[in-house]
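Inside the fold
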Amino acid sequence: MNTPAVVLLSGGLDSTTVLALAKDRGYVPYALSFRYGQRHAIELAAARRVAQAQGVARHVVADIDLRVFGGSALTSDVAVPKHDTVDALTDEIPSTYVPARNTIFLSFALAYAETVGARDIFIGVNALDYSGYPDCRPEYIAAFQTMANLATKAGVGGSSVTIHTPLIEMTKAEIVRTGLGLGVDYSLTSSCYDPDVEGKPCGHCDSCLLRRKGFAEAGEVDPLTYQAA
C-alpha cells in the first residue's frame with residue numbers, strides 16, 4: 001500500500017520485530033533511534049544493522065542527552081541490577097526505568113511522522129513480559145494517541161495519528177516466534193543494558209533475562225553469545 005510509518009527502533013528484540021511487522025503489513029518504514037546518553041549505546045550499531053537489513057526508507061538517529069537529568073541506571077553511574085534467574089524479577093519499577101523516556105521518544109516520532117506525511121507510528125511496548133515500566137501500558141499509549149491528535153497540525157486537520165503496539169499483549173516467546181516467522185535475523189540485535197566493550201550481553205540484567213526466557217519458551221536458540229557467568 002506504500003503508506004509511510006515511523007517505527008521506533010532501538011536495535012533490540014522487540015523493536016526489530018515491530019519493524020518486520022510494519023513492513024509485513026505493507027507500510028514503508030521510517031526508522032527512528034535515539035542516542036540519549038544510554039550506557040548501552042552499542043544498541044545503536046544494532047539499530048543500524050537492522051535498519052539496513054530490513055531496508056527502511058530512512059533511518060534517523062536523534063541526539064538527546066538524558067544524562068543531564070540522570071535518574072536511571074541507564075543514564076547515570078548507578079549500577080544496572082543483575083539477577084541469576086528471571087524469577088527474581090519483581091513488579092516494582094526497576095532502576096533501569098528512564099523517566100518519561102517513551103513520552104520523549106514518541107514526541108520525536110510524532111514530529112518525524114508529520115514531516116514525512118505518516119499517520120502511523122509503531123512502538124514495541126509490551127505489557128506482559130516486561131520490567132514494570134509505566135510507559136509500556138495500554139492506557140498510557142491510548143492517552144498519548146489522544147494527545148497527539150490534539151497537538152499536531154495533522155491531527156487538528158483531520159488526519160488522525162494511530163500509535164500501533166502490535167506486541168503489547170504478546171509474551172516474549174510469542175514475539176520471538178513472530179519475528180522468526182517473518183525472517184528476522186536476531187543475531188543483528190542487541191538487548192543488554194550492560195554489555196561489555198565488545199558488545200557481548202551480560203546475561204543477567206532484566207532485558208537479557210527476559211530475552212533468554214523468550215527464546216527458551218519458544219524452543220529456539222538465541223543467536224547471541226553471552227558473557228561467562
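Residues numbered from 1 in each chain as written. Predicted model: local features only at pLDDT ≥ 70, side-chain atom pairs only at ≥ 80, totals over all residues. Heavy atoms only, no water.

Per an unreviewed UniProt entry, the protein chain is named 7-cyano-7-deazaguanine synthase, and its organism is Mycobacterium scrofulaceum. Turning to the protein chain, the UniProt record has this under Pathway (unreviewed entry): "Purine metabolism; 7-cyano-7-deazaguanine biosynthesis." In its Sequence similarities (unreviewed entry) section, the UniProt entry covering the protein chain states "Belongs to the QueC family." (UniProt positions renumbered as here; feature names shortened; annotations may be inferred.)

Details of the UniProt feature "binding site: Zn(2+)" (unreviewed entry) in the protein chain
Taking the numbering used here, the UniProt-annotated feature "binding site: Zn(2+)" (unreviewed entry) corresponds to C192, C202, C205 and C208. Spatially, the listed residues are clustered: although they cover 17 residues, their C-alpha atoms lie within 7.1 Å of one another. Residue placement: C192 occurs in the loop between helix 6 (172-181) and helix 7 (206-218). The buried category is assigned to C192, whose relative accessible area is 2%. Those residues in contact with C192, other than ones at most four positions away along the chain, are H40, P201, C202, C205 and C208. Positionally, C205 belongs in the loop between helix 6 and helix 7. Of the residues examined, C205 reaches a relative accessible area of 0% and is grouped as buried. If sequence neighbours within four positions are ignored, C205 has contacts with V80, P81, K82, C192 and Y193. (Helix = DSSP H or I, 4+ residues; strand = E, 2+ residues; numbered from the N terminus. Buried < 20%, exposed > 50% of the residue type's maximum accessible area, 1.4 Å probe, protein only. Contact = heavy atoms within 4.5 Å.)

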